[in-house]
Amino acid sequence: MSSQNNTFVAPLERLAEQFRKLPGIGKKNAYRLAYHVLEYSESEAQAFAQAILDAKRLICRCKICQNISDREICGICSDSRRKKNVICLVEDPRDVAAIEKLGEFDGVYHVLGGVISPLDGKGPEKLKIAELLERIKSLYSENGDDYKIEVIAATNPTVEGEATAMYISRLLKPLGVKVTRLAKGIPVGGDLEYADDVTLFKAIEGRVEI
Ligand SMILES: [Zn+2]
């Protein structure tokens, strides 16, 4: 008897390996997805591959809020109905999506790109904090020194999220910015992205100055 594994098909293994790299996908699911893709027609496979390449090629960061966008200035920042002086500070684009889904918030965002996490070698310089300070300064220079600006520190209620909110609050307050924090309600250690709509809405509505 041959000891060779007759079910080994290299391209299938490579495809499964790619799925395996996705978050939450174990070995079994990776093969399930790979076999599913095998059923695709040539044009379906082409569309699938092209969507990945296009996402990488066409998506950039909005120059103002740092959120993902397919334009230099994103749809939210270029919407004249949104309050440019109420800036919701979030960790990543998924948080923007979670808040936008509520359809209640009429301010704008600033995406930090994570939180300060010394253990992971992530200092403040790795986040879009300098960009936030620049943005605040240009808002003042465009609208005058008594322009009212509020920054809602909507980082997640984790140890790092809280510390990052405090760090940024200390930078912003001397500039005259009102800094608020989401009301308690989102479970400690939890993630904005996974909070239910009512909890998230109440947390924004009930925000308190820090
Ligand atoms: Zn933007």
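Residues numbered from 1 in each chain as written. Predicted model: local features only at pLDDT ≥ 70, side-chain atom pairs only at ≥ 80, totals over all residues. Heavy atoms only, no water.

Draft legend 1. Focus on the pattern of salt bridges. Tallied over the entire structure, the rule returns ten salt bridges. Between Arg 181 and Glu 162 there is a salt bridge, with the nearest N and O atoms lying 3.1 Å from each other. Here Glu 162 lies in helix H6 (residues 159-172) and Arg 181 lies in strand S6 (residues 178-181), a separation of 19 residues in the sequence. Accessibility expressed as a relative area gives 8% for Arg 181, which makes it buried. With relative accessibility at 29%, the residue Glu 162 sits in the partly exposed group. (Salt bridge = Lys/Arg side-chain N within 4 Å of Asp/Glu carboxyl O. Helix = DSSP H or I, 4+ residues; strand = E, 2+ residues; numbered from the N terminus. Buried < 20%, exposed > 50% of the residue type's maximum accessible area, 1.4 Å probe, protein only.)

Draft legend 2. How the structure looks around the nonpolar core. The biggest cluster of nonpolar side chains holds 42 residues, and the ones touching the most others in it are Ile 99, Ile 136, Leu 172 and Leu 200. For this core, the elements supplying multiple residues, two or more each, are strand S3 (86-90), helix H4 (93-102), strand S4 (108-111), helix H5 (129-143), strand S5 (150-153), H6 and helix H7 (197-205). Ranked by residue count, the leading element in this core is H5, at six residues. Residues contacting Ile 136, with those up to four places away along its chain left out, are Ile 87, Ile 149, Val 151, Leu 172, Leu 175 and Val 177. Grouped together as the second largest cluster of nonpolar side chains are six residues, Phe 19, Ala 30, Ala 34 and Val 37 included. (Core = buried A, V, L, I, M, F, W, Y, C linked by side-chain atoms within 4.5 Å. Contact = heavy atoms within 4.5 Å.)

Draft legend 3. Up close: the sheet that holds S4. Spatially, the five strands line up as an open sheet ordered S4-S3-S5-S6-S7, and their pairing is mixed. Of all strands in the sheet, those bounded by a partner on one side alone are S4 and strand S7 (208-209). Inspection of the sheet shows S5 paired to S6 by four bridges, in the parallel sense. Counterpart to Val 151 in the pairing with S6 is Val 179. Sheet strands touched by H5: S3, S4 and S5. Its angle to S4, the strand with the most contacts, is close to 145°. This element, H6, spans S3, S5 and S6 of the sheet and lies at about 170° to S6. (Pairing = 2+ DSSP bridges. Axes fitted to C-alpha atoms, helices over the stretch in contact; angles between N-to-C directions.)

Draft legend 4. The packing of H4 against H7, seen in detail. The geometry of H4 relative to H7 is characterised by a closest axis approach of 10 Å and an angle of 95° between their N-to-C directions. What the angle tells us is that H4 and H7 run roughly perpendicular. For the pair formed by H4 and H7, the contact residues are Ala 98, Ile 99, Lys 101 and Leu 102 on the first element and Asp 197, Leu 200, Phe 201 and Ile 204 on the second. Split by residue class, the contact of H4 with H7 holds six nonpolar, no polar and two charged. (Parallel < 35°, antiparallel > 145°, perpendicular 65-115°, else oblique. Nonpolar A, V, L, I, M, F, W, Y, C, P; charged D, E, K, R; others polar.)

Draft legend 5. Main features of H4. The set of residues buried in H4 consists of Asp 95, Val 96, Ala 98, Ile 99 and Leu 102. Here the buried residues of H4 occupy an arc of 160° about the axis, which is enough to place them on one side. Those residues of H4 that are buried are in contact with S3, S4 and H7. For H4, the capping residue at the N-terminal end is Asp 92, with a side-chain oxygen 2.8 Å from the backbone nitrogen of Arg 94. Backbone geometry just after H4 places Gly 103 at a positive phi near 70°. (Arc of directions from axis to C-beta. Polar contact = N/O pair within 3.5 Å; in protein donor to acceptor, adjacent residues only side chain to side chain.)

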